[in-house]
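Structure assessment
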Amino acid sequence: MTTTIRTLDPAEVETAVDWAAREGWNPGLADASAFLAQDKDAFRGLFRDGALAAVISATTYQELFTFVGFYICRPDLRGQGLGYTLWQDTFAGLKGTVGLDGVVAQQDNYARSGFILAHRNIRYGGTAPAGASDPRVVDIAETHMDGVAVLDAACFGFARPDFLKSWLAPPFGRACVFVAEGTVKGYGVIRRCREGHKIGPLFADDAEAAGALFDTLVATAEGGPVFLDVPEPHAAARALAEAAGLAPVFETARMYRGPAPELPLGRIFGITSFELG
């Protein structure tokens, strides 16, 4: 048997996304394009005798930080070390800090690879009624981009302009800002997924801005399921989700290998995604 590891082509990336859907991770319909806008080599695969056997994403930002996701081995080939071979090969080429959101079953394995727990994340899901519209919430325009970029870099820990260009123009969703006194105080994105819609990120200076953004974005879902991934230590973010009628459905552990970015969790009402950070 021959084994090959290489960057995935666009069709193979879609296969990786399909695998993630089968795992129950409910990826967004257009997520892959944002990954590739940020890092064209983000998706890698291990092939056995020419057939895709395992996948991983390792999206790099400014050559200082990489976020890992989509770590999946084909179910019929599990237990043979193929996923771990891909993992080791991928990590051999990474520099700086590496982050991930680890599912419960894998957290001990990540710890053995040098990852340290930063905090838990909770995915809330359900149907949420659309709230009252707020005139301070508007669709993102070019005039808002500088403010959005500053807020995003503060809440993510690193600048990611190429990613934002794609993520802020969701083909199946909406991106909005909360503007007060001419200043961007928050922004959020909702995108269609295999099931319902996910809101992420939802970054805001305070609960008022976050709530107004959430109410506007939820209207896009037209009564369908909505999911919001919340840092567990942020009580106001949990309260926002629970007040909207959403309930916990899944959890991960945010873990880092290397110095963890000092994130302002009090401004993070919803993370971007479990695959991107």
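Just so it is clear, the structure is predicted and the values come from calculations on it, not from any experiment. (Residues numbered from 1 in each chain as written. Predicted model: local features only at pLDDT ≥ 70, side-chain atom pairs only at ≥ 80, totals over all residues. Heavy atoms only, no water.)

**A word on empty space enclosed by the protein**
This structure, assessed with the given rule, holds two cavities of 30 Å³ or more. Its volume calculated, the largest cavity comes out at about 90 Å³. Lining the largest cavity are 13 residues, and of these Cys-155, Arg-254, Leu-263, Ile-271 and Gly-277 lie nearest its centre. Those elements that provide at least two residues to the lining of the largest cavity are helix H5 (145–156) and strand E12 (247–257). Looking at the second largest cavity, its volume works out to about 30 Å³. If you trace the second largest cavity, you find it lined by Arg-191, Lys-198, Ile-199, Gly-200, Phe-227, Asp-229, Ile-271 and Thr-272. For the lining of the second largest cavity, the secondary structure elements donating two or more residues are strand E10 (197–204) and strand E11 (225–231). Among the elements that make up the lining of the second largest cavity, the one with the highest residue count is E10 (three residues). Among the residues forming the lining of the second largest cavity, the class breakdown is three nonpolar, two polar and three charged. (1 Å grid on protein atoms, 1.4 Å probe; cavity = no way out; pocket = protein on both sides within 12 Å on 5 of 7 lines; lining within 4 Å. Points joined across faces, edges and corners; volume = space filled by probe spheres on them. Helix = DSSP H or I, 4+ residues; strand = E, 2+ residues; numbered from the N terminus. Nonpolar A, V, L, I, M, F, W, Y, C, P; charged D, E, K, R; others polar.)

**Concerning the environment of Ala-236**
Mapped onto the secondary structure, Ala-236 falls in helix H8 (residues 235–243). Considering only alpha carbons, one finds Ala-236 and Asp-206, 30 residues apart in sequence, at a separation of 8.9 Å.

**Details of the domain arrangement of the chain**
Looking at the chain, the domain boundaries give domain 1 (3–122) and domain 2 (124–249 + 261–270). On the domain 2 side, the residues contacting the 22 residues of domain 1 number 27 residues. Taken over both partners, the interface formed by domain 1 and domain 2 buries close to 2,200 Å², and the fraction arising from carbon and sulfur atoms is 62%. If you sort the residues of domain 1 by the area they bury against domain 2, Asn-26, Leu-29 and Ile-122 come out on top, with a joint share of 33%. Between the two partners, domain 1 and domain 2, sit two salt bridges. Asp-31 is paired through a salt bridge with Arg-191; the nearest N and O atoms lie 2.7 Å apart. Applying the counting criterion to the domain 1 and domain 2 interface returns 11 residue pairs in polar contact (both at pLDDT 80 or more). Broken down by element, the residue count for the side of domain 1 that touches domain 2 peaks at five residues, all from helix H2 (residues 31–38). Split into classes, the residues belonging to the side of domain 1 that touches domain 2 amount to 12 nonpolar, seven polar and three charged. (Domains from an automatic or database assignment. Contact = heavy atoms within 4.5 Å. Buried area = accessible area lost by both parts, 1.4 Å probe. Salt bridge = Lys/Arg side-chain N within 4 Å of Asp/Glu carboxyl O. Polar contact = N/O pair within 3.5 Å; in protein donor to acceptor, adjacent residues only side chain to side chain.)

**As for the packing of aromatic side chains**
Scanning the model with the defined rule gives 18 aromatic pairs in all. Seen from their ring centres, Phe-65 and Phe-158 are 4.7 Å apart, and the 10° between their planes marks the pair as stacked. Residue Phe-65 is located in strand E4 (residues 65–73), and its partner Phe-158 is located in the loop between H5 and helix H6 (161–167); the two are separated by 93 residues in the primary sequence. Like Phe-65, the residue Phe-158 is buried in the burial classification. Through a chain of ring-to-ring contacts, three or more aromatic side chains come together here, namely Tyr-61, Phe-65, Phe-67, Phe-156, Phe-158 and Tyr-256. We note Arg-160 situated over the ring of Phe-156; from NZ or CZ to the ring centre the distance is 3.9 Å. (Phe/Tyr/Trp six-rings, centres within 6.5 Å; stacked < 30°, edge-to-face > 60°. Buried < 20%, exposed > 50% of the residue type's maximum accessible area, 1.4 Å probe, protein only. Lys NZ or Arg CZ within 6 Å of the ring centre and 35° of its normal.)

**Quick word on H5**
Between its first and last C-alpha, H5 extends 16 Å over 12 residues, near the 16 Å set by a 1.5 Å rise per residue. The complete set of buried residues in H5 reads Val-148, Leu-151, Asp-152, Cys-155 and Phe-156. All buried residues of H5 fall inside an arc of 120° around its axis, so they share one side. Relative to its buried face, H5 has exposed residues pointing more than 90 degrees away, namely Asp-146 and Val-150. Immediately beyond the C-terminal end of H5, within one or two residues, lies Gly-157, with a positive phi of roughly 105°. (Expected span 1.5 Å × (residues − 1). Arc of directions from axis to C-beta.)

**Examining the UniProt feature "domain: N-acetyltransferase" (unreviewed entry) in the chain**
Under the UniProt annotation, "domain: N-acetyltransferase" (unreviewed entry) lies at residues 3–135. Between the first and last C-alpha atoms of residues 3–135 the distance is 57 Å; the span itself is 28% helix and 38% strand. (UniProt positions renumbered as here; feature names shortened; annotations may be inferred.)

**Here's the deal with the nonpolar core**
Among the nonpolar cores identified, the biggest contains 42 residues, and Leu-8, Phe-43, Leu-168 and Tyr-187 are the most heavily contacted of them. Here the element with the most residues in this core is helix H1 (residues 10–22); it accounts for five residues. In this structure, Tyr-187 is in contact with Ile-140, Val-148, Leu-151, Asp-152, Leu-164, Leu-168, Cys-176, Val-177, Pro-201, Leu-202, Phe-203 and Leu-213, ignoring residues within four places of it in sequence. Formed by 28 residues, the second largest nonpolar core is a distinct cluster that contains Ile-199, Ala-212, Val-230 and Leu-240. (Core = buried A, V, L, I, M, F, W, Y, C linked by side-chain atoms within 4.5 Å.)

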